[in-house]
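# Examination of the molecular architecture
This is what each chain is made of:
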Amino acid sequence: MQAVLYTVKYAQGWSLHISLDLRVDLMWWTALAKREQLSEQIWLVTVAMPLGKALQCCAYMKTFNRSSIQQETWLANIHRFLLDYSHTGASSALGSTYPHSLNTDPVGHLLWDMQMGWTEAGEYVLSSWEEDQLPGNPASSLWKRKLTDEAVYISRKLIGRSLLLNECTAMLHEAGGSLNAWKSSIQLAYLSKHIRLRSAVHPADRQKRQTSLHHRLSARLHTLHSGAAQCLRCGSKRIRYTACASCGSAACGYCEDCLALGRSRECGLLLQAVYPDKRTAQSVNSAWHVLPDTENGSSHPAACSSYDISCTPEAMQQRWRLSPAQTAAAYQALLFLTASAPVSAGQNTTKDFAEQFEYAERRMIPNVPTGNEINEYSTGNKKHIGGFSRFSSFIKNGQNKNHLRLPRFWPGRTRKSITHTNTLRSAGQERFLLWAVTGAGKTEMVFPLLEHAIRTGGRAVIATPRRDVVLELAPRIARAFPDIEIAVLYGGSDERWRTAALTIATTHQLMRFHEAFELVIIDEIDAFPYHNNPMLSYAAAQACSQGGKFIYLSATPSAELQQEIKRGTLAHAKVPVRYHRHPLPVPRHLRMPSLTKCISSKQIPAALRSQLHTSINRGAQIFLFVPRIAWIEDAVELIRSYFPHIYVEGTSSQDPDRMDKVSLFRQQQIRLLVTTTILERGVTIPRSDVYIMDAHDKLYDAAALIQMAGRAGRSMDDPAGGVFFASSDWTVEQKRALSQIRGMNRIARQQGYLK
Amino acid sequence: MSIQQLSTLWEGILSYLHPHHSACIACNRHTAMTGRIPGLCHRCIAVIPWIHQPVCRVCGRAVDCPDCRRHAFANRHFTFNRSAVQYDAEMRRWLAEYKYNGNEGYTKVIGGILKEGYYRMQQEMTSFYHHIWYPDLITWVPASPDRLVSRGFDQAGVIAGELAKAIRVPCLPLLIRNRHTVKQSTQGRRERMKNVQGVFSYHPQAQEWLLHVLQRKATSPTDTSLSSAIGIGDRKNISRILLIDDIYTTGSTINSCAKALQQAAVSRGITAEVFALTWSRS
């Protein structure tokens, strides 16, 4: 779309703005006395300019020192930017199919002057009207009131959101409010600083270098023109430039990575809420009607002051029916939530934090003066305490130690390290990892955390990578929190625009939020969509409010996260045991030739055959994992030839009947299922044995092996399912998986969690 | 150095040694590009349901077509239609990705497929007329201004431009859409016909462009010897217009556009033959 560019002159300095309805801006800036600064003149720069370029121009002009700039210089600088832009535009317009004229005649039309009042041009603008703008006389109070009402409505609806224009209109449409003059009302909401208008694809901000003026100027221009553009919704830098008929630019960029959620493009409007408490009260006041403060609108129905903040582990255990291991970890996570974060000034001493932490502990357990009790509670062995108790003692000890070792906990002080690339946080957002073994009951552990976040007036989201998990989670959570509003979001969900205290969403849906959640829980942080995906990391960081907290759930944290744990930069808690308090089944190695050899010779080695017989005879369902989809067919044939009396099936991600086969497997109709890693997560079969063929394959890392091994022995009735690594080699990854499983069992035994 | 860094390094080296490896637009697989259809891997090219031999000579459908035998259709304004591919689920997905999701990476894919469709059509015509067949002018079924603004591009116009560039034939916006119509894809046959009535008219300059192209054709020396030898020199005053669209279903849109083009031609005493080439035939 296109926008108007105009500039306002104050007693000291200038400002440059964009507008979707210039009449609103004129009324706004000429209203006397209630502005922060008295405006003297309003100049129209250009009437129709691609939105992205207009915003870039604003950003460019902001880099100047505007307090003492002369009129000529100011306008000349704008002129220079526009010229520069139209030259670069013209050079890339050669192959364009849209030879729209770019209305960038850099003339300054004076519209209004404090002494002279409206000029002819100004009068003309006031009397003009376009589509999607509020018709009528801008000077009339009726017009203003109507506009204000709509602007309030929009800003309320947009709280916590980050939406493209068409998403915003869809949301408003669904809410029943038909908005006939969105341009005008959005403009007013923007002027009153309730929402932020951004172009969905914008050059990334860079550090300014202080050199000579000339260098600075050229550097600025360089940055703005050739600086890598970034999609502000998903953070991707894969931008494709095409001719665009909606803004007239010959090279308008769009983001190639988040197309599935609707195209985000350079001339597309991205509407984001400005958080109410960040504004100064002054700027809220408008000239005509005061926009009611949206803070009232953001209060949560579920927030209730009677929530008992000082809950004890015992109460938690009873209320949510957690196992001791679950309780301990959940309690540590809860401590993490209650510990107030230091201000992101970055200069807080560790002493401050230690004090705050102690305060939080005291708040949690009124009778306990120090954190030592927690250590005793959660574990008998201090060596293996994860998370906060170790964390706090580390900080306390750290005070006496080398200064360099201390300040690495909080983002302001984080040392530049490789973790930087793969973590989700931005300033002021803290993280906590719940490292729970497969089948530990992660969902139940999350309940107290959700409750805490919501009862203390925040909003929480659980983001999981897959849609079916969302659908499975929703009823469980609804049962656990019958009195709390829940929004379930996934691609194609009916509740797309619902705002609720508790949101369960697929990870992609996080892109539609902006600083919305005080608590972001991310399930299976190591699973496919998150793993090495900067887009979802960006989305998660955007969705988390400033000072909000992340909780990651994982059974197999990535190497980066494990390294952070080792370094002590990531608070965490381990749940080393399953909810039924039996140790994890330890994989056994079956040495055999590779699967391809077996298939080509049509023979199953005796060791595997007898083991399979044992499994079948004991009545277990069998998962047989193979590394490649192409081998499934052959493997199924091979096994059928040896075991004709049982029902053998194969499935993969490319199988259209996958759901049916999995449910048949659940119902014990299918006894042996040959599959790939797609079933490594989320499938729970009561009595099952797991065979991993070609466990030495390079596709299998330790995490995949652990997840697959985690399919066995999940139920109370059959806690000791068999897990077999069938391979010709004993690789590092297999060793790693085995040692991690053994390590968890050892911790569980030492902490006395095992039955 | 972590495994991840090593693998990115390795991928960097690979892409340096094998510069043709890139992600397939349709399936996102990282693989060698064949080059036949730019941007597609060989597996995706293999699933394209080409129409090799149209069964219906009128609409270019690959199966028998009762529609074109209707009496009313005898008075159609275009000569015939040819389509490059059948509109199956995969093609539907590609077109939706392109049109509705705005993935303009598909421009090359759809344009490349259309180009092959054109060459097939040209071959068929050449063997029919016994001389090299080519259009004098390419135009397309335009999108409505509203849709153009919201979508940002006119898919038929873009692929028409791609084709015109490849075969070196002028491509001009002869048609304009007078009003916004309900999406044809949501309508039945009768509604479609009613829906497009009077929607298209010719561009104010269309007649001049047609004349100009015809004049150039008359003065240009290309293939005069060939055509006069075969005795079809009289075709000189017939202007052949190739009308491009993305999809042909009942032909009502194409027919309505062809009608507008014929009107433009008739008003200046030009005989025009309108051929339609669509990307897919449903």
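This one's a predicted model, so the numbers in the text were calculated from it and none came from an experiment. (Residues numbered from 1 in each chain as written. Chains lettered and ligands numbered in written order. Predicted model: local features only at pLDDT ≥ 70, side-chain atom pairs only at ≥ 80, totals over all residues. Heavy atoms only, no water.)

## Observations regarding the overall build of chain A
Assigned secondary structure in chain A consists of 25 helices and 25 strands. Counting all 755 residues of chain A, 58% fall into the buried class. Expressed as a percentage of contacts within chain A between residues at least 6 apart in sequence, the contacts between residues at least 24 apart total 75%. For chain A, the exposed surface amounts to about 32,300 Å²; the carbon and sulfur share of it is 51%. (Helix = DSSP H or I, 4+ residues; strand = E, 2+ residues; numbered from the N terminus. Buried < 20%, exposed > 50% of the residue type's maximum accessible area, 1.4 Å probe, protein only. Contact = heavy atoms within 4.5 Å. Areas by Shrake-Rupley, 256 points an atom, 1.4 Å probe, with all protein chains shown as cover.)

## Section: the nonpolar core
All names here are of chain A. The biggest cluster of nonpolar side chains holds 112 residues, and the ones touching the most others in it are Leu434, Leu450, Ile477, Phe481, Leu502, Ile551 and Ile692. Per-element accounting of this core gives the leading share, 10 residues, to helix α11 (residues 324-338). Other than its neighbours up to four places away in sequence, Ile692 contacts Phe625, Tyr700, Leu705, Met708, Ala709, Phe724, Phe725 and Ala726. Counting residues in each nonpolar core, the second largest holds 69 residues, with Trp143, Leu163, Cys168 and Leu269 among its members. (Core = buried A, V, L, I, M, F, W, Y, C linked by side-chain atoms within 4.5 Å.)

## Points about helix α21 (residues 606-617) of chain A
For an α-helix the count is 3.6 residues per turn, leaving residues at separations of three or four pointing the same way. Residues and elements named next belong to chain A. Under the 1.5 Å per step criterion, the end-to-end length of α21 is 16 Å for 12 residues, consistent within 8% with the ideal 16 Å. Taken as a whole, α21 has its buried residues at Leu608, Gln611, Leu612, Ser615 and Ile616. The arc that holds every buried residue of α21, seen down its axis, measures 135°, which confines them to one face. Structural note: α21 exposes Ala606 and Asn617 on the side pointing more than 90 degrees away from its buried face. One or two positions beyond α21, positive phi appears at Gly619, with a value near 85°. (Expected span 1.5 Å × (residues − 1). Arc of directions from axis to C-beta.)

## Observations regarding the interface of chain B and chain A
Taken together, the 13 residues of chain B in the interface contact 14 residues of chain A. When the two sides are added together, the surface that chain B and chain A hide from each other amounts to roughly 1,100 Å², 41% of it contributed by carbon and sulfur. Taken together, the connections running from chain B to chain A amount to 2 salt bridges. In this structure, Glu104 of chain B and Arg265 of chain A form a salt bridge, with 3.8 Å as the shortest nitrogen-oxygen distance. Counting every contact that joins chain B to chain A gives 8 residue pairs in polar contact (both at pLDDT 80 or more). Counting residues per element, the side of chain B that touches chain A draws most heavily on helix α5 (residues 145-151) of chain B, at 3 residues. Along the lines of polarity and charge, the residues of the side of chain B that touches chain A split into 4 nonpolar, 6 polar and 3 charged. (Buried area = accessible area lost by both parts, 1.4 Å probe. Salt bridge = Lys/Arg side-chain N within 4 Å of Asp/Glu carboxyl O. Polar contact = N/O pair within 3.5 Å; in protein donor to acceptor, adjacent residues only side chain to side chain. Nonpolar A, V, L, I, M, F, W, Y, C, P; charged D, E, K, R; others polar.)

## Comments concerning the sheet that holds strand β7 (residues 238-248) of chain B
Residue and element names in this part refer to chain B. The strand order β3-β8-β7-β4 describes an open sheet built from 4 strands, whose pairing is parallel. Since the sheet does not close on itself, it has two edges, and those belong to β3 (80-86) and β4 (137-140), each with one partner. Across this sheet, the average inter-strand angle for adjacent strands is 25°, counted without regard to direction. Strand direction decides the pairing type here: β4 and β7, joined by 4 bridges, are parallel. The residue bridging Leu137 from the neighbouring strand is Ile241, located in β7. Each of β4, β7 and β8 (271-281) touches helix α6 (residues 155-167); the most contacted strand, β7, lies at about 130° to it. Across the sheet, helix α8 (residues 206-219) lies against β4 and β7, angled at about 125° from β7, the strand it touches most. (Pairing = 2+ DSSP bridges. Axes fitted to C-alpha atoms, helices over the stretch in contact; angles between N-to-C directions.)

## A few points about the environment of Tyr87 of chain B
Residues and elements named next belong to chain B. With respect to the secondary-structure elements, Tyr87 resides in the loop between β3 and α3 (89-99). The class for Tyr87 is partly exposed, based on a relative accessible area of 21%. Once you skip the residues sitting within four places of it in the chain, Tyr87 turns out to touch Arg92, Leu95, Ile247, Ser280, Arg281 and Ser282.

## So, helix α4 (residues 120-127) of chain A
Residues and elements named next belong to chain A. Listing the buried residues of α4 in full gives Gly122, Val125 and Leu126. Each buried residue of α4 sits inside an arc of 100° when the element is viewed along its axis, so together they form one side. Counted as exposed and oriented over 90 degrees from the buried face of α4: Glu120, Tyr124 and Ser127.

## So, the packing of helix α10 (residues 313-320) of chain A against helix α16 (residues 442-455) of chain A
All names here are of chain A. Remark: α10 packs on α16, axes separated minimally by 10 Å, with the N-to-C direction vectors making an angle of 110°. Taken together, α10 and α16 sit at an angle that is classed as roughly perpendicular. In the packing of α10 onto α16, the handedness of the crossing is right-handed. Residue-level inspection shows Met316, Arg319 and Trp320 of α10 in contact with α16, the latter providing Phe447, Pro448 and Glu451. In the contact of α10 with α16, the residues fall into 4 nonpolar, no polar and 2 charged. (Parallel < 35°, antiparallel > 145°, perpendicular 65-115°, else oblique. Left-handed = near helix turned anticlockwise from the far one by under 90°.)

## Here's the deal with the sheet that holds strand β18 (residues 544-554) of chain A
Residue and element names in this part refer to chain A. Across the sheet, which stays open at both edges, the 7 strands sit in the order β15-β16-β14-β17-β18-β13-β19 with parallel pairing between neighbours. The sheet is open, and its two edges are formed by β15 (486-489) and β19 (571-575), each paired on a single side. Here the strands of the sheet are splayed against their neighbours by 15° on average, with no regard to which way each runs. In terms of strand pairing, strand β13 (residues 430-436) meets β18 through 6 bridges, oriented parallel.

## Remarks on the packing of helix α1 (residues 22-30) of chain A against α4 of chain A
All names here are of chain A. For the pair α1 and α4, the least separation of the axes is 8 Å and the interaxial angle reads 120°. It follows from the interaxial angle that α1 and α4 lie oblique. For the pair α1 and α4, the crossing hand works out as left-handed. For the pair formed by α1 and α4, the contact residues are Leu22, Arg23, Leu26 and Met27 on the first element and Gly122, Val125 and Leu126 on the second.

## So, the pattern of salt bridges
Residue and element names in this part refer to chain A. Summed over all chains, the structure comprises 34 salt bridges over all chains. Between Asp483 and Arg455 there is a salt bridge, with its nearest N and O atoms 3.2 Å apart. Residue Asp483 is located in the loop between α17 (467-480) and β15, and its partner Arg455 is located in helix α16; the two are separated by 28 residues in the primary sequence. The exposure class assigned to Arg455 is buried, which follows from its relative accessible area of 12%.

## Description of the side chain of Asn103 of chain B
Relative to the assigned elements, Asn103 of chain B resides in the loop between α3 and α4 (106-129). For Asn103 of chain B, the residues in contact, after removing those within four places along its chain, are Tyr254 and Leu259 of chain A together with Glu97 and Tyr98 of chain B.

## Notes on a nonpolar patch on the surface
On the surface, Leu6, Leu9, Trp10, Ile13, Leu14, Tyr16 and Leu17 of chain B cluster together into a nonpolar patch covering about 770 Å² of accessible area. Within the secondary structure, Tyr16 of chain B is located in helix α1 (residues 3-17). (Patch = residues over 30% accessible without salt bridge, like charges linked within 9 Å, V, L, I, M, F, W, Y side chains within 5 Å.)

## Digging into the pairing of strand β16 (residues 502-506) of chain A
All names here are of chain A. Summarising burial for β16: 5 of the 5 residues are buried, a large majority. The two faces of β16 match: Leu502, Ile504 and Thr506 on one face and Thr503 and Ala505 on the other face are all buried. Note: strand β14 (residues 460-464) against β16, 5 bridges, orientation parallel. By the bridge assignment, Ala463 is partnered in β16 with Ala505. Both β15 and β16 contribute to a ladder of 4 bridges, which runs parallel. The partner of Ile486 across the bridge, within β16, is Leu502.

In short, shape yes, function no, at least from these values alone.
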